[in-house]
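These are the residues of each chain, in order.
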Amino acid sequence: MLRGEVLLNSTRCSNPQCRREIQALAFLKRIHRESTSARKELVIRCARQRPQRSTTPKPGPVYVPSNGAGGQSDEESSFLESSPNHRAGYVAIVGKPNSGKSTLLNAILKQKLSIVTSKAQTTRHRIIAVHSEEDFQCIFLDTPGVLRPVNRPEDRSKLDERMMRSVKLASRDADAMLVVVDASDRPEQTLAFLQPIFDSTDVPKAVVLNKVDLLFDKEVEDAAQVFRGVPSVETVIPISAAKQRNVTAVEEWAVSHLPLGPALYPKDAVSEHPERFFVAEIIREKLFLSYGQEVPYCCSVQVTAFVEHQGTTRKDNIDATIFVEQESQKGIVIGRGGSALKALGTAARAEIEHFLGRPVYLGLTVKVKQKWRKSEEALNELGY
Ligand SMILES: Nc1nc2c(ncn2[C@@H]2O[C@H](COP(=O)(O)OP(=O)(O)OP(=O)(O)O)[C@@H](O)[C@H]2O)c(=O)[nH]1
């Protein structure tokens, strides 16, 4: 199997003690049904049913970094055996667009997994990130920014609808929820905007008051006071994700709300998604950083080939297609004499190489897919 491909199977476990694994199975199956049209199932087996360790399937798909991070042996990365005090579960990260959800996730992971730009609604997919320490495994669900409900459904694209569905699913299935708030926004307005989230589930919630580096202490305290008044909010944690201030407090709160249980993923896994997903995300981030307001929102990126070469002499070959909605956008993305696309490719390749920890050739093609954001079929094809 090429790196980046996903192959999953399914199995049933009748042992009642494995309810947690079965819950995870159902949960992850639902995610995969949501996130891709390809048929994918998941292996999670009961430890007692395993005939031999060497044949035990791991719960896929998992992205285990190949760049030397991780690096545990098979024995060490076993996810089924752990101490009775081990905690494992899901934490949803929700909030308005641009509040800093992805920055927070990257700060907790101490690794850039979720793309970050200054433009709202950069995150389109639910990013599943696995954060493990010896005594816990916290599976974070970074969601697209919560959009204001619209009066006329036709005002919202099908892409928006899918993004909101992924927020709802993450909120419903999580063991705890981090509601990230931009502290520099007016707190009363933010509260009104997020009220449906606060009311939607009885999952324990912490308000993460982010970007406090932009405010005076008194302003932070006033904003915190507004959210402390919400009955379903258990605590308010002021932080600066960008400056790595108080991020540990968020992690500690989240971990304390995970149920006791064994790890659900190998301990060296960092994500649900395969490498090709992150390659497409990095290219998409560079689109957001390189082009004006509208163009990045009309772009979708699909990795069409990902061929790995063993050894150090040959580079991996990656081909990706950037889909735009109109011919005019294609011209903008390519630029005069291909200059804009070349600059985009150079920036993306550097970050992809850093992420993968190995050299790559990156080939970029731009194609028009008319109104892809409004077409269910196109969204399925593009993996939304
Ligand atoms: N000053 C300051 N800026 C921050 C902080 N955290 C995030 N930002 C900036 O806020 C912007 C949005 O951050 P993201 O992490 O992409 O926000 P998001 O909530 O994931 O955004 P969406 O993809 O729209 O949902 C970026 O420009 C970040 O650099 C912070 O603690 N302080």
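Before reading further, recall that the structure is shown in the block above.
Residues numbered from 1 in each chain as written. Predicted model: local features only at pLDDT ≥ 70, side-chain atom pairs only at ≥ 80, totals over all residues. Heavy atoms only, no water.

Engineer: For this particular structure, what's the right way to read the overall build of the protein chain?
Structural biologist: Helices and strands together make up the secondary structure of the protein chain, namely 10 helices and nine strands. Burial statistics for the protein chain: of 384 residues in total, 53% are counted as buried. Residue pairs at least 24 apart in sequence account for 73% of intrachain contacts in the protein chain once pairs closer than 6 positions are excluded. Only carbon and sulfur atoms are counted for the fraction: they give 48% of the accessible area of the protein chain, which is about 18,100 Å². (Helix = DSSP H or I, 4+ residues; strand = E, 2+ residues; numbered from the N terminus. Buried < 20%, exposed > 50% of the residue type's maximum accessible area, 1.4 Å probe, protein only. Contact = heavy atoms within 4.5 Å. Areas by Shrake-Rupley, 256 points an atom, 1.4 Å probe, with all protein chains shown as cover.)

Engineer: How should the sheet that holds strand 1 (residues 87-95) be read in this particular structure?
Structural biologist: Within a beta sheet, neighbouring strands are joined by backbone hydrogen bonds and run either parallel or antiparallel to one another. Overall, mixed pairing links the six strands, which are arranged 2-3-1-4-5-6 in an open sheet. Two strands bound the open sheet, and with one partner strand each, they are strand 2 (127-133) and strand 6 (233-238). Taking the axes of each pair of neighbouring strands and ignoring which way they run, one obtains an average angle of 25° across the sheet. As paired elements, strand 5 (residues 205-210) and strand 6 share five bridges and run parallel to each other. (Pairing = 2+ DSSP bridges. Axes fitted to C-alpha atoms, helices over the stretch in contact; angles between N-to-C directions.)

Engineer: Can you help me understand the pattern of salt bridges in this one?
Structural biologist: Side-chain pairs of opposite charge can arise where the charged atoms are in close proximity. According to the stated counting rule, one finds 10 salt bridges in the structure shown. Measuring nitrogen to oxygen at the nearest pair gives 3.0 Å for the salt bridge that ties K218 to D222. Here K218 pairs with D222, and both are found in helix 5 (residues 217-228), just four residues apart, close to one helical turn. Residue K218 is classed as exposed on the basis of its relative accessible area of 56%. Look at D222 and you get partly exposed, because its relative accessible area is 39%. Notably, a salt bridge pairs R284 with E281, separated by 3.1 Å at the nearest N-O pair. In this pair, R284 and E281 both sit in helix 7 (residues 275-290), three residues apart, roughly one turn of the helix. For the pair shown, R284 and E281 are each scored as buried. (Salt bridge = Lys/Arg side-chain N within 4 Å of Asp/Glu carboxyl O.)

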